[in-house]
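Given next are the chains, with one letter for each unit.
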Amino acid sequence: MISTVSCAALMGIDAFRVQLEVDLSRSGMPAFTMVGLVEGAVRESKERVLSALRNSGFKLPPSRITVNLAPATVRKEGSAYDLPLALGLLAGAGTIDAGALGGWYFAGELSLSGEVRPVSGILPMAVRARDEGAKGLVVPAANVAEASVVDGVSVYPAATLADVVRHITGEAPLEPAPSTLQDLWAMREAFPVDFSEVKGQEHAKRAIEIASAGGHNLLFIGPPGSGKTMLASRIPTVLPPLTFDEALEVTKIYSVAGLLDGEPLCVARPFRRPHHTISDAGLIGGGAYPRPGEVSLAHRGVLFLDELPEFKKNVLEVLRQPLEDGRVTLSRAAISLTYPADLMLVAAMNPCPCGYYGDAKHACTCTPHQIGAYRSRLSGPLLDRIDLHVEVPAVNYDDLRADGHGADSATMRQRILTARSVQATRYEGQTILTNSELSGRLLERYCALTSAEHAFLEKAVHSLGLSARAYTRVLRIARTIADLDGADAIAAPHLAEAINYRSLDRPGI
């Protein structure tokens, strides 16, 4: 007898429908065959499922069993097929009504005792079940909070295989889980840190405000202990809050990567801080079956690269395409996947190997050759994608002992939200969202200068030796500064401040 069970497989951060077909034939010698382009963990499910059925009190007649996961042209991996396979076997054996499985989606790993264990990627599966108009989705109890954030589909938590069978037969129906979305959404504004805790560094905080308002990438340059990491870690507190669609997109990535850690929904913008020993596959994503890397885990948030020149050069170079396109494509022999990577890059570096070049309190021990070699680890194309280069000097003692505080995160965020609102209105109907994306005709249109501003900028370009790429960056930054000031047109003070944030473009710096 042939039975069919609906489940889902992952393709990037999305899921597609899989029809699990089971045929139990009494003719021929008993055997178990699984087809449909399945990989190791799926093939091993045979042993787990048969033991789970036996230890849950279910018996299968001696049969020649054939299992097909359609479509057979797409690779399936993971252990989420255990539960649908067990139900398909029971339906094929006549233990449960095969028709009762119609319209339901199932996902879950089975222990040898029949316990339903959690799996990765439940959120995309819940979205697929909703889009398919499923009666409901049965998932492990540990995954139910994650699946419940999707409106439009009933989610049922299962603790054991026997519980699922009793639910299907109507003997003891499971209760759908209530949605906790409103409670989760209320936690978006809860941050353990605040910019009011940062003493001094008002210049750097102003640069952060500009970068956050215009979606610009940012590089801090300063000696050890000047507060570069402290500043970077507080940037998520001033970024605009995630919309629900953005939160769902971020949560999908973390669900696929298995990094939700019990959190059903990512309600705050991510802040990722990989170590400088990370590989290119760890940063960009990879593996035999590609998984999201740090650039995708930082999607809609901040990727902080501390000690930037200490990263391997080949690792840094793979950032160029994601920073330009906002996505990363991973191609392997078996599959090609595209993951989102729309992030704000924030990096930090010392001005030289010893860290004290230009510091008034410490003597630099590096030679000019060593300083040049240190900075040459960062390629021009990579620096080309970082709009603001900000010097962060050591904090003096008077600032450390001062009782007063600078701007707090709430005040900075309000100014940033106002500037973002101006950009949203300006670029309505365009392909861009923020000033950092301006180029070509859009740059000329929205960053138009009068003859006086052109003369000022021309003088600065010649006297400071700014490059063509620095010219474009200066205009973008100036446009954001003007938005923060509530100005319709870019003025000379906006250009002057923008030029001040391009320190690496100046000769001798």
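1. Re the environment of Q414
With respect to the element layout, Q414 can be found in helix α18 (residues 409-426). For Q414, a relative accessible area of 48% puts it in the partly exposed group. In sequence terms Q414 and L20 are 394 residues apart; their C-alpha atoms lie 51 Å from each other.

2. Some remarks on helix α6 (residues 161-169)
Every buried residue of α6 is accounted for by L161, A162, V164, V165, H167 and I168. Looking at the residues trailing α6, positive phi occurs at G170, about 85°.

3. A closer look at the nonpolar core
The biggest cluster of nonpolar side chains holds 50 residues, and the ones touching the most others in it are I208, L218, F220, I235, V346 and L388. When residues in this core are grouped by element, the largest group, 8 residues, is from helix α21 (residues 468-485). Setting aside residues up to four positions removed in sequence, I208 forms contacts with F195, L218, F220, L231, I235, V238 and M412. In terms of nonpolar packing, the next biggest core, distinct from the first, is built from 42 residues, F16, V18, V42 and I65 among them.

4. Section: helix α22 (residues 492-500)
An α-helical turn contains 3.6 residues, so any two residues separated by three or four positions project in the same direction. Of all the positions in α22, only H494, L495, A498 and I499 are classed as buried. An end-on view of α22 places all buried positions within 135° of arc, on one side of the element. Here the buried face of α22 lies against α20 (451-464) and α21.

5. Focus: the packing of helix α4 (residues 122-131) against helix α10 (residues 244-257)
Taken N-terminus to C-terminus, the directions of α4 and α10 make an angle of 125°; their axes are 7 Å apart at the nearest point. Relative to α10, α4 is oriented oblique. Contacts between α4 and α10 involve I122, L123, P124 and V127 from the first element and L248, T251, K252, S255 and V256 from the second. Each residue belonging to the contact of α4 with α10 can be placed in one class, and the counts come to 6 nonpolar, 2 polar and 1 charged.

6. A short note on the sheet that holds strand β18 (residues 388-391)
Taken in spatial order, the 5 strands line up as β11-β14-β17-β10-β18 in an open sheet, and their pairing is parallel. On the outer flanks of this sheet lie β11 (271-272) and β18, each paired with one strand and no other. Bridging between strand β14 (residues 302-305) and strand β17 (residues 344-349) involves 4 bridges; their strand directions are parallel. Of the residues in β17, the one forming a bridge with F304 is V346.

7. Considerations on the pairing of strand β1 (residues 2-11)
Of all 10 residues in β1, 7 are buried; the element is thus mostly enclosed. Where β1 lies against strand β2 (residues 14-25), 10 bridges are found, and the strand directions are antiparallel. Residue pairing across strands places V5 opposite L20, the latter belonging to β2. Hairpin remark: β1 followed by β2, antiparallel, with 2 residues in the connecting loop; positive phi at G12, about 70°.

8. Focus on the pattern of salt bridges
A full pass over the atoms with the stated rule returns 26 salt bridges. Note that R473 and D387 form a salt bridge whose closest N and O atoms lie 3.0 Å from each other. In this pair, R473 is assigned in helix α21 and D387 in the loop between α16 (380-383) and β18, connecting sequence segments 86 residues apart. Overall, the relative accessible area of 9% leaves R473 in the buried class.

9. Some details on the state of the cysteines
With the rule as written, the count across this model stands at 0 disulfides. With no disulfide of its own, C352 has C354 as its nearest cysteine by sulfur position, at a separation of 3.5 Å. Left unpaired, C364 is separated from the closest cysteine sulfur, that of C352, by 3.7 Å.

10. A short note on the layout of surface pockets
Approximately 1000 Å³ is the volume found for the largest pocket. Forming the boundary of the largest pocket are 34 residues, of which G215, D342, T434, S436 and E437 lie nearest the centre. Elements supplying a minimum of two residues to the lining of the largest pocket: α14 (320-325), α18 and α21. Ranked by residues supplied to the lining of the largest pocket, first place goes to α14 with 4 residues. For the lining of the largest pocket, the residue count by class is 10 nonpolar, 10 polar and 14 charged. Around the second largest pocket, the lining comprises 22 residues; the ones closest to its centre are F191, A268, R269, P270 and F271. Where the lining of the second largest pocket is concerned, the elements lending two or more residues are α10 and β11. Taken together, the residues that form the lining of the second largest pocket break down as 17 nonpolar, 2 polar and 3 charged.

11. Examining the environment of V318
Looking at the secondary structure, you find V318 in the loop between α13 (313-317) and α14. When its relative accessible area of 26% is taken as the criterion, V318 is described as partly exposed. Residues V318 and A159, 159 residues apart in the sequence, show an inter-C-alpha distance of 43 Å. The residues contacting V318, other than those within four sequence positions of it, are D280, L283 and I284.

12. Notes on the packing of α20 against α22
Running from amino to carboxyl end, α20 crosses α22 at an angle of 20°, the nearest separation of the two axes being 9 Å. In terms of their interaxial angle, α20 and α22 are classed as roughly parallel. Classified by chirality, the crossing of α22 by α20 is right-handed. In this structure, α20 uses E453, F456, L457, A460 and L464 to contact α22, whose residues at the interface are A492, L495, A496 and I499. Its residues assigned to classes, the contact of α20 with α22 comprises 8 nonpolar, no polar and 1 charged.

Parameters at a glance
- Residues numbered from 1 in each chain as written.
- Predicted model: local features only at pLDDT ≥ 70, side-chain atom pairs only at ≥ 80, totals over all residues.
- Heavy atoms only, no water.
- Helix = DSSP H or I, 4+ residues; strand = E, 2+ residues; numbered from the N terminus.
- Buried < 20%, exposed > 50% of the residue type's maximum accessible area, 1.4 Å probe, protein only.
- Core = buried A, V, L, I, M, F, W, Y, C linked by side-chain atoms within 4.5 Å.
- Contact = heavy atoms within 4.5 Å.
- Arc of directions from axis to C-beta.
- Axes fitted to C-alpha atoms, helices over the stretch in contact; angles between N-to-C directions.
- Parallel < 35°, antiparallel > 145°, perpendicular 65-115°, else oblique.
- Nonpolar A, V, L, I, M, F, W, Y, C, P; charged D, E, K, R; others polar.
- Pairing = 2+ DSSP bridges.
- Salt bridge = Lys/Arg side-chain N within 4 Å of Asp/Glu carboxyl O.
- Disulfide = S-S within 2.5 Å.
- 1 Å grid on protein atoms, 1.4 Å probe; cavity = no way out; pocket = protein on both sides within 12 Å on 5 of 7 lines; lining within 4 Å.
- Points joined across faces, edges and corners; volume = space filled by probe spheres on them.
- Left-handed = near helix turned anticlockwise from the far one by under 90°.

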